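Coordinate analysis (summary)
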Amino acid sequence: MKRAGLLLLAVAPVATVAVYLLGGDSDSGDSGAGQQAPSTQRPYDKDKSKSEIEADDELIADLPPGLAAPAKKDLAQQLIASAENSTLNWRGQYGYVEDIDDGHGYTAGIIGFCTGTHDLLTLVERYTKAHPDNGLARYLPALRKVDGSDSHEGLDPGFTKAWKAEANEPAFRKAQNSERDRIYFDPAVRLAKLDGLGTLGQFVYYDAMVLHGPGTGPRGFYGLREATLKEADTPAQGGKEKAYLDIFLDIRRTAMKSEKSHRDTTRVDTAQRQFLYDGNLSLKTPLRWKVYGETFKVP
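These notes cover the structure that comes with them. (Residues numbered from 1 in each chain as written. Predicted model: local features only at pLDDT ≥ 70, side-chain atom pairs only at ≥ 80, totals over all residues. Heavy atoms only, no water.)

**Things to note about the overall build of the chain**
Applied cut-off: By definition, any uninterrupted DSSP run of H or I lasting at least four residues is a helix, any uninterrupted run of E lasting at least two residues is a strand, and each is numbered from the N terminus. Any two residues whose heavy atoms approach within 4.5 Å at even a single point are treated as in contact. Here the open area of atoms and residues is found with the Shrake-Rupley method and a 1.4 Å probe, where only the protein chains shown may cover a residue.
Helix and strand content of the chain: 10 helices and seven strands. Taking all contacts inside the chain whose residues are at least 6 apart in sequence as the whole, residues at least 24 apart take part in 62%. Accessible surface, the chain as shown: approximately 12,700 Å² in total, 50% of it carbon and sulfur.

What follows is the structure in structure tokens.
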């Protein structure tokens, strides 16, 4: 998932553009429209043996929780919500749904699942499997039909109302959380830990995964990481953490500037880069940052 970072006078909520490519070998950029269903295999361990993956699991288990600690994870969601929706109230976004005219149909929920980029379809399919009588189940045929496009065929006029109503259900909120973690949070934090990054670095990876999508192309998250590895070693490879993250943010910023919807790079410039230059590699609070000219604070 990614959200369009172009804001009008920094007052309208920044809406989301879902991007969905988790495995496989696509050379596409970060646009997920029309992409295949995600693989359960992640790009960074697709060539690893079972024993190597188990060794990674053991290594991670011995590390501090970092961004996965409940308080830090909540902080991460607040930081992302400040850039995505101009608010710290990320829990207020479960019922969010609108078409922002970005070519991906309806954007909805806490992480910007989209009707045109497969992740919203996957969310509703998995949710319906566990809760067959939910209010969105009747839209599954239409969601399958419009997947990969910006069409509303079969969705209007009732889909947005149904989404908002279903967002009042604890089970649907839990489902959104689970898909967010499965697609974006868990893979980003896992890889950051394997790269030897601390809590800030883990957030930098997570935010990049959210905005750029888990694609392997030049503007997808894994593509950005590969480009960074050509210029710097990760801490796990003996590199300096600040230097590595600085280069990653440079490469990410360039990718954002190349897209009309992401040309405002303040989520990097006056938030993540600020934390990095302050030496706050543990992402300790209190925090103060700016996104789109608006100041946010977490005590």
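**Description of the environment of E259**
Mapped onto the elements, E259 comes out in the loop between α9 (241-257) and α10 (266-277). When the C-alpha positions of E259 and R219 are compared, they lie 9.6 Å apart, and in sequence the two are 40 residues distant.

**Topic: the nonpolar core**
Worth spelling out the cut-off: To define a nonpolar core, start from buried Ala, Val, Leu, Ile, Met, Phe, Trp, Tyr and Cys residues and group those joined through side-chain atoms within 4.5 Å. We call a residue buried when its accessible area falls under 20% of the maximum for its residue type, exposed when it is over 50%, and partly exposed in between, using a 1.4 Å probe and counting protein chains only.
L143, F159, W163, Y205, Y206, L283 and W289 are the most contacted members of the largest nonpolar core, which has 75 residues in total. Per-element accounting of this core gives the leading share, 10 residues, to helix α6 (residues 170-194). Setting aside residues no more than four positions away along its own chain, Y205 makes contact with A188, L191, A192, D195, L197, F221, R225, Y244 and F248.

**Points about the sheet that holds strand β3 (residues 97-99)**
Across a sheet, strands are paired by hydrogen bonds formed along the backbone, either parallel or antiparallel in direction. Defined as follows: Only when DSSP finds a minimum of two bridges between them are two strands counted as paired.
Within the open sheet, the three strands sit side by side as β3-β4-β5. Their pairing is antiparallel. The outermost strands of the open sheet, each flanked by one partner alone, are β3 and β5 (113-114). Across two bridges, the pairing between strand β4 (residues 106-108) and β5 is antiparallel. Paired with A108 across the strands is F113, a residue of β5.

**Structural notes on helix α5 (residues 159-166)**
Residue pairs three or four apart in sequence face the same way in an α-helix, which turns once every 3.6 residues. We count it as follows: Starting at the helix axis, one direction is taken to each C-beta atom, and the arc is that of these directions.
Taken together, the buried positions of α5 are F159, T160, A162, W163 and E166. Across the axial projection of α5, the buried residues extend over an arc of 160°, all falling on one side. In this structure, the buried side of α5 is in contact with β3, β4, α3 (119-130), α4 (140-146) and α6.

**Concerning the packing of aromatic side chains**
To keep it simple, the criterion reads: For this analysis, a ring pair means two rings from Phe, Tyr or Trp (six-membered ring only for Trp) whose centres lie within 6.5 Å, classed as stacked if their planes differ by under 30 degrees, edge-to-face if by over 60, and tilted for the remaining angles. Whether a charge lies above a ring is judged from NZ of Lys or CZ of Arg, which has to be within 6 Å of the ring centre and within 35 degrees of the ring normal.
Summed over all chains, the structure comprises 13 aromatic pairs. A connected cluster of aromatic rings, assembled from ring pairs, spans Y106, Y127, Y139, F159, W163 and F172. For the cation-ring pair, K73 lies above F185, with the distance from its terminal atom to the ring centre recorded as 4.6 Å.

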